[in-house]
Structure formats: C-alpha cells, structure tokens
Amino acid sequence: MTSPSDRDLASLYIRCEDLFKIYKIADLEVVALRGLDLKIRRGEVMAIVGASGSGKSTLLNILAGLDQPSAGRAFVDGKDLLTMSPKDMVTYRRKQVGFVWQQTGRNLVPYLGAVQNVEIPMILDGASASEARRRATELLEVVQLGHRLHHRPEQLSGGEQQRVSIAVALANNPPLLLADEPTGELDTIGADLVYETFTELNNRYGVTIVIVTHDPDIASRVDRVVAIRDGRTSTEIFRRISHDRGKPEVVHDEYVLVDTAGRLQIPREFLEKLSIRERAKILLGEGHVEVLPDTIHRHGGV
Ligand code: ADP
Ligand code: MG
C-alpha cells in the first residue's frame, strides 16, 4: 500500500524548493525570489497572487523555461529546470508549456485571423494544414469563439483576443498552461469568460493551469490560491464545499505556509498590533503554538 505522502509525491507535477532568482544589473543585485517553495498537483487550476514586484512573473517565467533560476530546485513533470540543457529547454518550451501574456498584442499576430493564429504553432511543429485547421477550429470552439474563426485581433474584444491567445497557447497540446495576469486588461464580463475557459479546458484536456493575477475574486474561481510576498510563498487559500450549516456552501480556508526549514510569515498587521519587531517568544500550548512579543529586551538588546 502507498502512504498518502507517496501518493502526493507521485501526483506532484510542479515542485519548487528554496528557489532563488537574483537579477544583476551593473553592480546592483535584485533578489526577485528568495527561497520560494511551491507544489502544484497534476490537473490543478491554481492562482498566484501578490503585490507588484513580489516575484510572480519571475516565477512564471522560470516555470515556462524562459528564465533560469539562480539557485534552489525546480522540477516540472520530473524534469529539472536547473540542469536542463539548452536543447532540452527548447523542446520543453515547445512541448510542455503554453504561455499567455497580459498584453494581448504579445500573443497574437495582428494581420491573421483567429484560426490562422492558432494554426501557426502547429504548422511550425510539422502538422499538416488540414490537421492544423481541424484542431484550431476545435480549440476555438472550446473557448467559445467558433463564430469568430476568421476575425483578426483588431476585430475582436479584449476578452475574445485573450481567449484566442489561450487557444494559441494550447495549440500543441501542452500539459501545462501558464497565464501572467491574463485578465489584467479586461472588464468583469471578459474576465469571467476567460476563467470559464480555463475551467472548461481543465475539464476537457486535464491541463494544469497556473494563473498569476491581481483579481480579488480569484479564490472563488480556482481550487487554490497561493500568495507570494517578497519572493516567497506566504499564505494559501483552499476552496471547499462545507455542509456544516445544513445546505452545501463554498467556504475558503486560509493557511500560513511553513517551509522546509520550519519558517513561516506572521502577517504584518499582527506584528504591528503586538509591536513584534526583531524577536518573539514562542510557546508550545495544548494543540497550538503561541507567539508573544518580547516585553523585556525592548530596544534591540543583543
Ligand atoms: P511581479 O510579477 O510580482 O510584479 P516580478 O517577478 O516582475 O514581480 O519582479 C520581481 C522583482 O524582480 C522586482 O523587483 C523587479 O523589479 C525585479 N526584476 C524582474 N525582472 C527583472 C529583470 N529582467 N532584471 C532586473 N530586475 C528584474
Ligand atoms: Mg508581473
């Protein structure tokens, strides 16, 4: 019999441990990721949230094989992103991941119709014209654009363009879809349809989907939301159906993440409220842990 932890490991699709990314510009170093831990199951639809500059795009670019981490470990489907050869990286980018950018203009060729946009990656990958057309049409129908096959991007709304972009990203059937603020430039209705599209693609093709977003309502649309703060994962929200109050209702459970070294982030509001600065007392209670302010060494006693 396999233990739950064995099963968890086998179903793990993405695994980042103690991941660092340091950008160097002249003499200046920017630490975009500082010891980030993250696990994503195969077939999961999850979101990553966080303030601007917290490292969300950096993480997504690393998972997409567009950027290299500085240190740590990052595996996607058992492939080690830190030691992969440049040649394998090209194959990885082409076969394993689809990517959607916030700016629709970055995803689409402006003078081609929707169906042709979706066909390009397939033709480049050696598909026949008829096979490419068949699959491009199918994908556009799944993203609810079967009636817009020959519209050029400028003839489509922002939301429609983003759904074409999603179809382009999935043209070669990658098992992983990464989207960096895909609804950032859309209104609510456009955003709703994009999220509906993600759910539909996940149900139909089992594709694992990671969405970076600012959308405050995201928790109600995905299985799990992980927040990044200062280049590390900090909290996690799960959606579940509760029967506690008779009829089933959707509830959200929020947790603080504990990393492999046992570190966790205490919410800044809590620290401020209790004036916890450099150090705190930690006590083991009955079934819980207490964190108390240091009331003795007030001014940085060392
Ligand atoms: P987010 O997507 O959460 O807004 P990013 O991952 O884009 O954050 O950026 C994280 C940090 O890394 C920021 O301080 C940003 O300025 C810096 N950064 C991102 N990309 C580069 C780069 N190519 N060169 C130098 N610094 C970068
Ligand atoms: Mg970003």
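Residues numbered from 1 in each chain as written. Chains lettered and ligands numbered in written order. Predicted model: local features only at pLDDT ≥ 70, side-chain atom pairs only at ≥ 80, totals over all residues. Heavy atoms only, no water.

This part covers the packing of aromatic side chains. A full pass over the atoms with the stated rule returns 3 aromatic pairs. Measuring from centroid to centroid gives 4.4 Å for Phe99 and Trp101, while their planes differ by 50°, and the two rings are tilted. Note on accessibility: Phe99 and Trp101 belong to one class, buried. Each ring, one from Tyr195 and one from Phe198, has its centre 6.4 Å from the other, and the planes form 55°; the classification is tilted. Remark: Phe198 and Tyr195 occur in helix α8 (residues 188-205); sequence separation between them is 3 residues, near one turn of the helix. When sorted by exposure, Tyr195 lands in the same class as Phe198, which is buried. Over the ring of Trp101 we find Arg106, and its NZ or CZ is 3.6 Å from the ring centre. (Phe/Tyr/Trp six-rings, centres within 6.5 Å; stacked < 30°, edge-to-face > 60°. Buried < 20%, exposed > 50% of the residue type's maximum accessible area, 1.4 Å probe, protein only. Helix = DSSP H or I, 4+ residues; strand = E, 2+ residues; numbered from the N terminus. Lys NZ or Arg CZ within 6 Å of the ring centre and 35° of its normal.)

The next point concerns the pattern of salt bridges. On inspection of all chains with the given rule, the structure shows 26 salt bridges. Note that Glu17 and Arg73 form a salt bridge whose closest N and O atoms lie 3.3 Å from each other. Taken together, the residues Glu17 in strand β1 (residues 12-25) and Arg73 in strand β4 (residues 71-76) connect sequence positions 56 residues apart. Residue Glu17 is classed as partly exposed on the basis of its relative accessible area of 22%. Residue classification places Arg73 among the partly exposed residues on the basis of a relative accessible area of 41%. Salt-bridge contacts for Arg224 lead to Glu236; the nearest nitrogen and oxygen are separated by 2.3 Å. Here the residue Arg224 occupies a position in strand β9 (residues 224-229), and Glu236 occupies one in strand β10 (residues 232-242), the gap between them amounting to 12 residues. (Salt bridge = Lys/Arg side-chain N within 4 Å of Asp/Glu carboxyl O.)

All right, on to the site of ligand 1 then. In the vicinity of ligand 1, the contacting residues are Tyr23, Ile25, Val30, Ala32, Ala51, Ser52, Gly53, Ser54, Gly55, Lys56, Ser57 and Thr58. Within the backbone of Gly53, one N or O atom sits 2.6 Å away from an oxygen atom of ligand 1. At 2.8 Å from an oxygen atom of ligand 1 is found a side-chain nitrogen or oxygen belonging to Ser57. Expressed as a share of its isolated accessible area of 560 Å², the protein-covered part of ligand 1 is 63%. Of all the elements in the fold, those that place two or more residues in the shell around ligand 1 are β1, β2 (28-41) and α2 (56-63). For the shell around ligand 1, the element with the most residues is α2, which contributes 3 residues. Taken together, the residues that form the shell around ligand 1 break down as 5 nonpolar, 6 polar and 1 charged. (Near = heavy atom within 4 Å. Polar contact = N/O pair within 3.5 Å; in protein donor to acceptor, adjacent residues only side chain to side chain. Areas by Shrake-Rupley, 256 points an atom, 1.4 Å probe, with all protein chains shown as cover. Nonpolar A, V, L, I, M, F, W, Y, C, P; charged D, E, K, R; others polar.)

Turning next to the side chain of Glu236. For Glu236, a relative accessible area of 8% corresponds to the buried category. A polar atom in the side chain of Glu236 sits 2.3 Å from the side chain of Arg224. Excluding its chain neighbours within four sequence positions, the residues that come into contact with Glu236 are Arg224, Val225, Val226, Asp253, Glu254, Tyr255 and Leu257. (Contact = heavy atoms within 4.5 Å.)

Moving on to the domain arrangement of the protein. Partitioning the protein into domains gives domain 1 (41-68 + 84-256) and domain 2 (268-298). Relative to domain 2, the C-alpha centre of domain 1 lies at a distance of 40 Å. (Domains from an automatic or database assignment.)

What follows covers the pairing of β4. In the case of a regular strand, side chains alternate between the two sheet surfaces. For β1 and β4, the ladder comprises 5 bridges, and the chain directions are antiparallel. When the sheet's bridge partners are listed, Phe20 is paired in β4 with Ala71. Two strands pair when backbone bridges link them, and β4 and strand β5 (residues 79-80) are joined in this way by 2 bridges, in the antiparallel orientation. Across the sheet, Phe75 pairs through a bridge with Asp80, a residue of β5. Where β4 folds back on β5, the antiparallel hairpin that results is connected by 2 residues, among which Asp77 adopts a positive phi of roughly 50°. (Pairing = 2+ DSSP bridges.)

One open sheet accounts for 7 strands, arranged β6-β7-β8-β3-β9-β10-β11; its pairing is mixed. The sheet is open, and its two borders are formed by β6 (97-100) and β11 (249-256), each paired with just one other strand. Direction aside, neighbouring strands of the sheet carry axes that sit 20° apart on average. Packing of α2 onto the sheet brings it into contact with β3 (45-49), β6, β7 (176-180), β8 (208-212) and β9, and relative to β7 it is tilted by some 155°. Against the sheet, helix α7 (residues 158-169) contacts β6 and β7, and its axis sits at roughly 160° relative to β6. (Axes fitted to C-alpha atoms, helices over the stretch in contact; angles between N-to-C directions.)

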